[in-house]
Amino acid sequence: MTPRLLYPDRDSDWRWALQAATVRAGLRAGHRTAPPAGFDPSAGLPPNADDLVRDLGLQPLLEAMAGEDDLVFEVSRRLLLEATCADPAVVAHRQAALADCLDNPDAVLELYTISIEAADKLKGRYLGVLARYPDWVLRESVVTLTALLDSLRRLKSAADRHAPRFRSEVWKRFFAALRQDLEDSYLSEVQACLHALRLPHGILWSARLGPANKPTDFLLHPPPEGPRSWLERWKAWFRRGQDGYIFELSPRDEGGVKALEALRDRVLASAATAVGQAADHVRDFFSCLRAELAFYVGGLRLHDQLRRRGYPTCLPSVHSTGYNLSARSLYDPVLALTTDRAVVANDLEVDGKRLVLITGPNSGGKTTFLRSLGIAWLMAQAGLFVPAQSFAVSVCEGLLTHFKREEDPRLESGKFVEELRRMRSLVDLATARSVFFCNESFSSTNEREGSEIALQILDAFVEAGVRVFFVTHFFELADRFRARRSSSVLFLRAERDAQGRRTYRVVEAEPLPISYAEDVYQRVFGPGAVSVPAGRSG
Amino acid sequence: MDEGSSLLFPSAQPPPLRDRPPACLRDLELDRVVEAIVADRGEYGLEPVFYTPLRETDTVSFRQEVFRDFREPRVSDTVRAFASALRAVRAHLRRADKASYTLEKDRWFLDAAHLYVQAILALLEGLSSCPLHSRGLVRFRHRLAAYAASPAFRSLAEAAEGLQAELSSLRFAVLVQGLRVTVRPYRGEPDYAELVRSTFQRFRQAHSTPYAFEFRASTELNHVEAQILEGVSRLNPGLFLRVAEFRRTSGPLPAPWIDTFDREAQFYLGYLDFIAPLRAAGLPFCLPALRADNSEAFTEDCFDLALAAKLVAEGRLPVLNDFLFRSPERALVVTGPNQGGKTTFARAVGQVFYLASLGCPVPGRQAALPVPDHVLTHFPRGEHTLDLRGKLEDDLLRIREILQVATSKSVVIINEILSSTALRDARTLGRRLLGRLVELGCLCVWVTFLDELASLNEKTVSLVATVPPGQPEGRTFRVVRQPADGRAYAEALARRYRLTYHDVRQRFVP
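Residues numbered from 1 in each chain as written. Chains lettered and ligands numbered in written order. Predicted model: local features only at pLDDT ≥ 70, side-chain atom pairs only at ≥ 80, totals over all residues.

1. Digging into the overall build of chain A
Consideration 1: For chain A, the count of helices and strands is 17 helices and 13 strands.
Consideration 2: Out of the 538 residues belonging to chain A, those deemed buried represent 42%.
Consideration 3: Contacts in chain A between residues at least 24 apart in sequence constitute 74% of all its contacts with a sequence separation of at least 6. (Helix = DSSP H or I, 4+ residues; strand = E, 2+ residues; numbered from the N terminus. Buried ≥ 20, exposed ≤ 12 C-beta atoms within 10 Å, placed from the backbone. Contact = placed C-beta atoms within 7 Å.)

The structure is reproduced here in structure tokens:
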């Protein structure tokens, strides 16, 4: 039994998700609890995960998906960041499942509730060090399974009611498996077995003599039944002593009682393993279900908020090859949820180009545009809807961001060195199918040096087939690409209207020179001096 | 021991072994090697063997022959398996001594005897199926075959086998109700765990984590088990009487000469185990050809064994170097930059001679050398308490000791002495001391900062620890024959970020 709601061929890393959620809940509540043993906060995340969250502003997006639900937050964070490398089959799988969720939000929330309640029943039932003792494992597992039998019955009933309205193979398979594995007769059989395993009338076992004449090779035999009638008890009393060698321990013989318990543990080990693993599995099943549903619950919540504010969403087309990228009415969902102004949406048609150079005035919407594109790309590759009217993209293998970092005072001395080092480590992560989002890279040095370095890197990227979105105010750099008239470069510019006001729209347009000469001249000769002609005209 | 069956010495009366390590062991860092070899073999007390280098060429050959036989994996595997079986036998016998219940003692002894019989037979079978050439192993196999065929051994084997089989086929049932325990015969009741497994099969995952149940690993019987055993023995009285009889009538185990073989074999296995990971990493080892005099001595591709063990553990490899003394050459004078591999080279040469005189394979692809009467070393010990004069005095005292002991058959390794002396004094003293050693006719490696010593006379050879061309900050750790040039070496170049067009382009070239 596995939900398989997130991947067609495997379970999600729900253990990690639950642990991450526990850690986050602790942090939010202000506890300083030690992280769970073996928990790796960065498991499964790309090495540049922190950069992505920071540069694309993912935190508020994830908070919008999660509300107060830490599990939704962590599952969504992991899947969104994992999606820097996408498998088109997984994307299709999730898109199909998500479409059903958007059609049946109440059913999905009911399933999510059942899975949460199942988890709540087990709170405090953690075995810990006692998991080393078969007798404990057997007892605990019998209790756990008995409790979860009820959740399984409710899940089965929900499946029976909702299954007909779900159309995707993902959900059909899930519901069919539930109905097949959890039929009533089987659940009754399990219940009976659990009852017998409480072992009310002692245990019967056999063994052979191993090394040192210690008993070994234990077999557990069907538990003895209690004497049913007076006659049987009478007969048993008569036979005692003839049937074998009998001894009885004194209750004060602590060593003896312990030794007897140790033997019991050995005898029960095999049965305890079987029941323990079954209990583990049912518990894991609910945990897994809960974690996988969490992603869709987050998607539903975000979708609901955007729709209520009147923004469009769509399921994107995700191509496994090529260099396609086109978007209509692409917007930044974080901005859409946090401002009351109408957020500017952009259209984009990249059409096979490798390098997109984005120029224009400061505060003209370049960074927001870069973010909205990065977020949409990640959401598309994660299998979610995207904040746009339509969106089509060819998958990338590694989405890498290189944003200028002026807010970090620690780096003041070697900012440029830090930029270079960061770029180098990104280059080490990249493949020819990667995409770079660069925001004012190398702006911590002068334009000439910065342009020269950027030019070399970008040339190498373009030749290798790496896709790059490069926001820059270096005219020198942009102009060198313009002069080449290369077919693999697209120029975008943050637009100004006729009055020179910013529209925050980004349109296809070649770079404009900024008249540095003017500034310099004025600085040298003082304001009001005669100007010199400035560079080329646009 | 009538004919003797030692694996370490050809004669029936082996010479006494030293209890303490010779002084050179620490300078050559072979003390660490020996420690590592004996670490898991404490019970065998092998240190004295490693502390006692041999002087007779014939004894060295005797051991080299055994090493050659051990090169065949079937031989070393057989002996290795025997050693671990014998460890188990001894452990069982110790348990038989310590056990509290008679029924328990009887069984420990029976199990020990059974293991012993199997170990002897497996050893004989293993050794018989291999072609042996060494005097040591051939002699031992002969004696072993006679032992295994003796009537005493054969009746021990049969009795142990039979009783074991009977005991292990016995199954008995136990009913536990509260604190009341009934031991009774097993009547074919079914396996209930199997039934439980099949009921819960549907809830099993493909990769269920198995429960790491911890059972107290005690192999002693507690009194509950003892009482259950008592019950079982009452159900089967005849069998348990015969087991008790077996312990009373069988002699002491194992035979003393078998113990000796086991211990001596560990000398070979220990050394081979130590060098196995190095060999696996591609480092060469060889048994040196033995020369009657020191007119020629060489090793190709040798390396410092202690350093190599450390490097290989970190996934790295040492640099290989050659050394050669060809008459009239008597002294290799090594100069070069700091941290350039001079000390390591000197140590490697000393190790080759010491290890060769134990009869062991030496680090190197090919080697020929005389068996030295002494390997004498003087390395700085880093005693900061001595003042300069004290240090110089200490150096000279040590050299005097060496000159008193050394003969024309000795090997002398001197590392960076006189470094605390004024250059002019060092030059004069160095010439004089090296001159005396060369005069004596021993083989000598002299590591020094004094370039002039390298060209003392026709008996000295100049070796230099080299640097890569054009990279004064680099090190090759290669020590080669070339005139000492005494160049100064600059350090450190600026760091690059490998972000040129070519660097980045390179990244995406498949």
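What follows continues from the structure just given.
2. Comments concerning the overall build of chain B
Consideration 1: Secondary structure assignment for chain B yields 17 helices and 14 strands.
Consideration 2: When each of the 510 residues of chain B is scored for burial, the buried share is 39%.
Consideration 3: Put simply, of all contacts in chain B between residues at least 6 apart along the chain, 74% involve residues at least 24 apart.

3. Structural notes on the interface of chain B and chain A
Consideration 1: Listed as interface residues are 66 residues of chain B and, on the opposing side, 69 residues of chain A.
Consideration 2: Counting residues per element, the ones that place at least two in the side of chain B that touches chain A are α6 (102-128), α8 (151-168), β1 (171-177), β2 (180-185), α9 (192-200), α10 (223-235) and α17 (501-507) of chain B.
Consideration 3: The leading source of residues in the side of chain B that touches chain A is α10 of chain B, at nine residues.
Consideration 4: Across the side of chain B that touches chain A, the residue classes break down as 34 nonpolar, 13 polar and 19 charged.
Consideration 5: Note: strand β3 (residues 245-248) of chain A against β2 of chain B, four bridges, orientation antiparallel. Bridged to F247 of chain A within β2 of chain B is V181 of chain B. (Nonpolar A, V, L, I, M, F, W, Y, C, P; charged D, E, K, R; others polar. Pairing = 2+ DSSP bridges.)

4. Comments concerning the pairing of strand β7 (residues 331-335) of chain B
Residue and element names in this part refer to chain B.
Consideration 1: Burial of β7 is extensive: five of the five residues sit out of reach of the surface.
Consideration 2: Burial of the side chains of β7 extends over both faces: A331, V333 and T335 are buried on one face and L332 and V334 on the other.
Consideration 3: In terms of strand pairing, β7 meets strand β12 (residues 443-447) through four bridges, oriented parallel. When the sheet's bridge partners are listed, V334 is paired in β12 with V447.
Consideration 4: Where β7 and strand β13 (residues 460-465) come together, five bridges link them in parallel fashion. Bridging across to β13, V333 finds its partner in S462.

5. Considerations on the sheet that holds strand β14 (residues 479-481) of chain B
Note on sheets: strands pair through backbone hydrogen bonds, and any given pair is parallel or antiparallel.
Residue and element names in this part refer to chain B.
Consideration 1: The strand order across the open sheet built from six strands is β10-β11-β12-β7-β13-β14, with neighbouring strands paired in mixed fashion. If you trace the sheet from one side to the other, it starts and ends with β10 (375-378) and β14, each paired once. Across the sheet, the mean angle from the axis of one strand to that of its neighbour is 20°, orientation sign disregarded. (Axes fitted to C-alpha atoms, helices over the stretch in contact; angles between N-to-C directions.)

6. Side note on α10 of chain B
Two residues of an α-helix separated by three or four positions point the same way, owing to the 3.6 residues in each turn.
Consideration 1: Over its 13 residues, α10 of chain B runs 18 Å from end to end, which matches the ideal 18 Å to within 8%, given 1.5 Å per residue.
Consideration 2: Within α10 of chain B, the full set of buried residues consists of V224, E225, I228, L229, V232 and S233 of chain B. (Expected span 1.5 Å × (residues − 1).)

7. A word on the nonpolar core
Consideration 1: Formed by 281 residues in total, the largest nonpolar core has its most connected members in V275 and A376 of chain A together with V334 of chain B.
Consideration 2: Element by element, the count of residues in this core is highest for helix α11 (residues 254-308) of chain A, at 25 residues.
Consideration 3: Setting aside residues no more than four positions away along its own chain, V275 of chain A makes contact with L138, S141, V142 and L197 of chain A together with V196 and F200 of chain B. (Core = buried A, V, L, I, M, F, W, Y, C linked by C-beta atoms within 7 Å.)

8. Some details on the packing of helix α4 (residues 57-70) of chain B against helix α7 (residues 135-148) of chain B
Residue and element names in this part refer to chain B.
Consideration 1: It is at 7 Å that the axes of α4 and α7 come closest, and there the two elements cross at 70°. It follows from the interaxial angle that α4 and α7 lie roughly perpendicular. Of the residues in α7, those in contact with F62, E65, V66 and D69 of α4 are R135, G136 and L137.
Consideration 2: Classifying every residue of the contact of α4 with α7 gives three nonpolar, one polar and three charged. (Parallel < 35°, antiparallel > 145°, perpendicular 65-115°, else oblique.)

9. What about the confidence of the model for chain B?
Residues and elements named next belong to chain B.
Consideration 1: Confidence along chain B averages 87 in pLDDT terms, with 90% of residues attaining 70 or more.
Consideration 2: Low confidence marks residues 487-495, where pLDDT is under 50. Its contacts with residues over four positions away, or in another chain, come to eight contacts.
Consideration 3: Scoring the predicted complex yields pTM 0.59 and, for the interface, ipTM 0.75. (pLDDT = per-residue confidence, 0-100.)

10. Overview of the sheet that holds strand β6 (residues 321-326) of chain B
All names here are of chain B.
Consideration 1: Taken together, the four strands give an open sheet; going across it, the order is β4-β9-β5-β6, and neighbouring strands pair in mixed fashion. This sheet does not close on itself; its edge strands, each paired only once, are β4 (289-291) and β6. Strand-to-strand twist of the sheet, defined as the mean angle between neighbouring strand axes without regard to direction, takes the value 20°.

11. Digging into unusual backbone geometry
Consideration 1: Residue L253 of chain B is joined to P254 of chain B through a cis peptide bond whose omega torsion reads -20°.
Consideration 2: Secondary-structure assignment places P254 of chain B in the loop between α11 (237-249) and α12 (256-280).
Consideration 3: In this chain, S327 of chain B is followed by P328 of chain B through a cis amide linkage whose omega measures 10°.
Consideration 4: Following the sequence through the fold, P328 of chain B ends up in the loop between β6 and β7.
Consideration 5: Even without a glycine there, the phi angle at D217 of chain A is positive, about 55°.

12. Points about the confidence of the model for chain A
Residue and element names in this part refer to chain A.
Consideration 1: Per-residue pLDDT for chain A has a mean of 86; in total, 89% of the residues score no lower than 70.
Consideration 2: Across residues 407-413 the pLDDT falls below 50, and counting only partners more than four positions away or on other chains, this stretch makes two contacts in the model.
Consideration 3: Note that pLDDT drops below 50 for residues 529-538; the model gives that stretch 16 contacts with residues more than four away or on any other chain.

13. Here we look at the packing of helix α5 (residues 88-103) of chain A against helix α8 (residues 169-181) of chain A
Residues and elements named next belong to chain A.
Consideration 1: Between α5 and α8, the least distance of the axes is 7 Å, while the angle of their chain directions is 75°. In terms of axis orientation, α5 runs roughly perpendicular to α8. Counting all contacts with α5, which are made through H93, A96, A97 and D100, the residues of α8 involved are E169, V170 and W171.
Consideration 2: Along the lines of polarity and charge, the residues of the contact of α5 with α8 split into four nonpolar, one polar and two charged.

14. Some details on the environment of A113 of chain B
Residues and elements named next belong to chain B.
Consideration 1: Within the secondary structure, A113 sits in helix α6.
Consideration 2: Distance from A113 to F246, taken between C-alpha atoms, is 9.8 Å for residues 133 residues apart in sequence.
Consideration 3: Among all residues touching A113, those that are not within four sequence positions of it are L156, A160, S250 and L253.

15. Regarding the environment of I203 of chain A
Consideration 1: Looking at where I203 of chain A falls in the secondary structure, it is placed in strand β1 (residues 203-209).
Consideration 2: Not counting residues within four places of it along the chain, the set of residues in contact with I203 of chain A comprises L220, P223, R264 and V267 of chain A together with V176 of chain B.

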